[in-house]
Amino acid sequence: MKTELLAPAGDMERLRMAVAYGADAVYLAGQDFGMRAFAGNFSPEDLRAAVDFCHSRGVHVHVTCNTMPRNDEVARLPQWLELLDDAGVDAAIMADLGVFSLAKRYAPHLKRHVSTQAGVTNYEVARAWHDLGAHRVILARELSLDEVAELRAKTPKELEIEAFVHGAMCVSYSGRCLLSNYMTGRDAQRGACAQPCRYKYALMEEKRPGEYFPVFEENGETFIMNSRDMCMIDHIPELMEAGVDSLKIEGRAKSAYYAAVVTGAYRHAVDAALAGEPLAPVWRDEVEKVSHRHYSTGFWFGQPGQYTEDARYIRDYQVCAVVESCTPDGQAVCSLRNKFRAGDELELIGPGLEPVSFSVPVMADSDGFPLEEPRTPQMTFTIRLPHPAPALSLLRRRAQGL
């Protein structure tokens, strides 16, 4: 198969962005059985609309069904799986063997993908899942590039291999963590992790309450479980050579801006690799312009290490407006997201467009009157762009101190 770029879609807005910016497939969740409870997710009606939208544009839809259901939940699975099948979903992502078995019975048209939650780390377990009817395995994030290449070489060619290439990493093995459950009552295995691994911890002795002793690494850093984010945009040719069929971007709980920018950057990386060309530096720079923690290459080339100085996100850019339509001469109708005014320096980015900086001219409101500064959230206004831009292009700016 052609290498697939698989992008996250936490809701319909993020789905539209991912598709516009070049995803070959998207993965999303319904309101149950998904590992991102706070992503927004899709009602049954939204799910059908999402499938129709994607299929009309040649994009596949994968639905996560990757929690570990309890007895009181499992009775609802047949109805949910039948809905996925009837809606035309292309694949379901599953970690639980019982769910996997039910999908064969109640959703016979669905391809069955084995979730990273199942911990596929060797070729024997991949073969076993294939023997049970899996169309694809999504590898554990803890594998190295050499291990993936060996797994690919020793598994049936018709079994597809999917692997994460970008996004947040968990401090626990393949996300199997109970820290959130114990500390906050939010179940990480039901998509509600509070990420207590990102907290700052101290030690307290029981006979000296209120006295806190710092717990720190050798240089005094106190965020001792704070995983770096993964970024493999510089290594797409190596991943393709190793036999990875689907390159997966993490982030269903991230913003529509994130879905657009990261998908667009990896789209160019995949296309460059397929053409045997180097990736233009501008696209490598793009992944630095979304909210992220300090990057590493995950476990692909060895231990990723922790970033122990703080747990803050790097947020250097904000979206000011979204392009709704644009004429061939660059006259665009936009909707406001964050305030800006005439004379500010913005960047225009869009599907297939390299970012371009420009000074904001005087705009016009919906009645055609001159407008120095749009102020009302979501208001529409007209602006002259430096060149034409497709719908869902974005105006952004560097914003210190976010």
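See the structure shown above.
Just so it is clear, the structure is predicted and the values come from calculations on it, not from any experiment. (Residues numbered from 1 in each chain as written. Predicted model: local features only at pLDDT ≥ 70, side-chain atom pairs only at ≥ 80, totals over all residues. Heavy atoms only, no water.)

1. Details of the overall build of the chain
Part 1: Within the chain, the regular secondary structure consists of 11 helices and 20 strands.
Part 2: The C-alpha atoms of the chain give a radius of gyration of 23 Å, which matches the 21 Å a tight globule of 402 residues would have.
Part 3: For the C-alpha atoms alone, the extent of the chain along its principal axes is close to 65 × 60 × 45 Å.
Part 4: Out of the 402 residues belonging to the chain, those deemed buried represent 53%.
Part 5: Counting contacts in the chain only where the partners sit at least 6 residues apart, residues at least 24 apart contribute 68% of the total.
Part 6: Accessible area of the chain: about 18,300 Å², with a carbon and sulfur share of 50%. (Helix = DSSP H or I, 4+ residues; strand = E, 2+ residues; numbered from the N terminus. Rg over C-alpha atoms; globule rule 2.2 N^0.38 Å. Buried < 20%, exposed > 50% of the residue type's maximum accessible area, 1.4 Å probe, protein only. Contact = heavy atoms within 4.5 Å. Areas by Shrake-Rupley, 256 points an atom, 1.4 Å probe, with all protein chains shown as cover.)

2. Quick look at the nonpolar core
The nonpolar side chains of a soluble globular protein tend to be buried with one another.
Part 1: By size, the foremost hydrophobic cluster in this structure holds 93 residues, and its most contacted members are L15, V26, L28, L47 and Y266.
Part 2: Looking at this core, the element that brings in the most residues is helix α10 (residues 256-274), giving 12 residues.
Part 3: Counting 20 residues, the second largest nonpolar core, distinct from the first, contains L346, M379, L385 and A389. (Core = buried A, V, L, I, M, F, W, Y, C linked by side-chain atoms within 4.5 Å.)

3. Details of the packing of aromatic side chains
Aromatic ring pairs: the centre-centre distance and the angle between the two ring planes describe each pair.
Part 1: Scanning all chains against the criterion turns up two aromatic pairs.
Part 2: Judged by centre distance (5.0 Å) and plane angle (65 degrees), the ring pair of F100 and W129 falls under edge-to-face. Note that F100 is positioned in helix α5 (residues 97-106) and W129 in helix α6 (residues 123-132), a separation of 29 residues in sequence. With respect to class, F100 is no different from W129; both count as buried.
Part 3: When the ring centre of F53 is taken as origin, the NZ or CZ atom of R16, which lies over that ring, is 5.8 Å away.
Part 4: Seen from the ring of F53, R57 lies directly overhead, with NZ or CZ sitting 3.8 Å from the centre. (Phe/Tyr/Trp six-rings, centres within 6.5 Å; stacked < 30°, edge-to-face > 60°. Lys NZ or Arg CZ within 6 Å of the ring centre and 35° of its normal.)

4. A few points about the pairing of strand β7 (residues 160-167)
Part 1: Counting buried residues in β7 gives eight out of eight residues, a clear majority hidden from the surface.
Part 2: Bridge count for strand β6 (residues 136-138) against β7 is three bridges, and the pairing is parallel. The partner of R136 across the bridge, within β7, is E160.
Part 3: A crossover connection joins β6 to the parallel β7 through helix α7 (residues 145-153); in handedness this β-α-β unit is right-handed.
Part 4: Here four bridges tie β7 to strand β11 (residues 246-249), and the two strands are oriented parallel to one another. Its bridge partner being in β11, H166 is matched across the sheet by I249.
Part 5: Across two bridges, β7 lies against strand β10 (residues 229-231) in antiparallel orientation. Residue G167 lies in a different strand from β10, and its bridge partner there is M230. (Pairing = 2+ DSSP bridges. Right-handed = clockwise from strand over helix to strand, strands pointing away.)

5. What about the side chain of R396?
Part 1: By the secondary structure assignment, R396 is in strand β20 (residues 394-398).
Part 2: Within the structure, the side chain of R396 is placed 2.7 Å from the side chain of E286, a separation counted as a polar contact.
Part 3: Engagement of the side chain of R396 in a polar contact is seen with the side chain of E347, the distance being 2.8 Å.
Part 4: Leaving out residues up to four positions away in the same chain, R396 has contacts with Y257, V261, E286, K289, Y317, Q318, V319, C320, L346, E347, I349 and P355. (Polar contact = N/O pair within 3.5 Å; in protein donor to acceptor, adjacent residues only side chain to side chain.)

6. What about the packing of helix α1 (residues 12-20) against helix α2 (residues 44-55)?
Part 1: It is the contact of α1 with α2, at a shortest axis distance of 11 Å, that shows an interaxial angle of 10 degrees. Taken as axis vectors, α1 and α2 run roughly parallel relative to one another. Judged by residue contacts, M12, L15, R16 and V19 of α1 engage A49, A50, F53 and C54 from α2.
Part 2: Across the contact of α1 with α2, the residue classes break down as seven nonpolar, no polar and one charged. (Axes fitted to C-alpha atoms, helices over the stretch in contact; angles between N-to-C directions. Parallel < 35°, antiparallel > 145°, perpendicular 65-115°, else oblique. Nonpolar A, V, L, I, M, F, W, Y, C, P; charged D, E, K, R; others polar.)

7. Quick word on α1
Along an α-helix, a turn takes 3.6 residues, which lines up residues three or four apart on a common side.
Part 1: Of all the residues in α1, the buried ones are M12, R14, L15, M17, A18 and V19.
Part 2: The elements touched by buried residues of α1 are β1 (4-8), β2 (25-29), α2, α10, β13 (317-326) and β20.
Part 3: For α1, the N-terminal cap is D11; the gap from its side-chain oxygen to the backbone nitrogen of E13 is 3.2 Å.
Part 4: G22, located one to two residues past α1, shows a positive phi value of around 115 degrees.

8. Observations concerning the pairing of β20
Part 1: As judged from the five bridges shared by β13 and β20, these two strands associate in the antiparallel manner. Its bridge partner lying in β20, A321 is registered against L395.
Part 2: In the sheet, strand β15 (residues 345-350) pairs with β20 via three bridges, with the strands oriented antiparallel. By the bridge assignment for β20, L348 is matched with L395.

9. Structural notes on α7
Part 1: Of all the residues in α7, the buried ones are L145, V148, L151 and R152. Mapping the buried residues of α7 onto a view down its axis gives an arc of 125 degrees, with all of them on the same face. Facing away from the buried side of α7 by over 90 degrees, the exposed positions are D146 and A153. (Arc of directions from axis to C-beta.)

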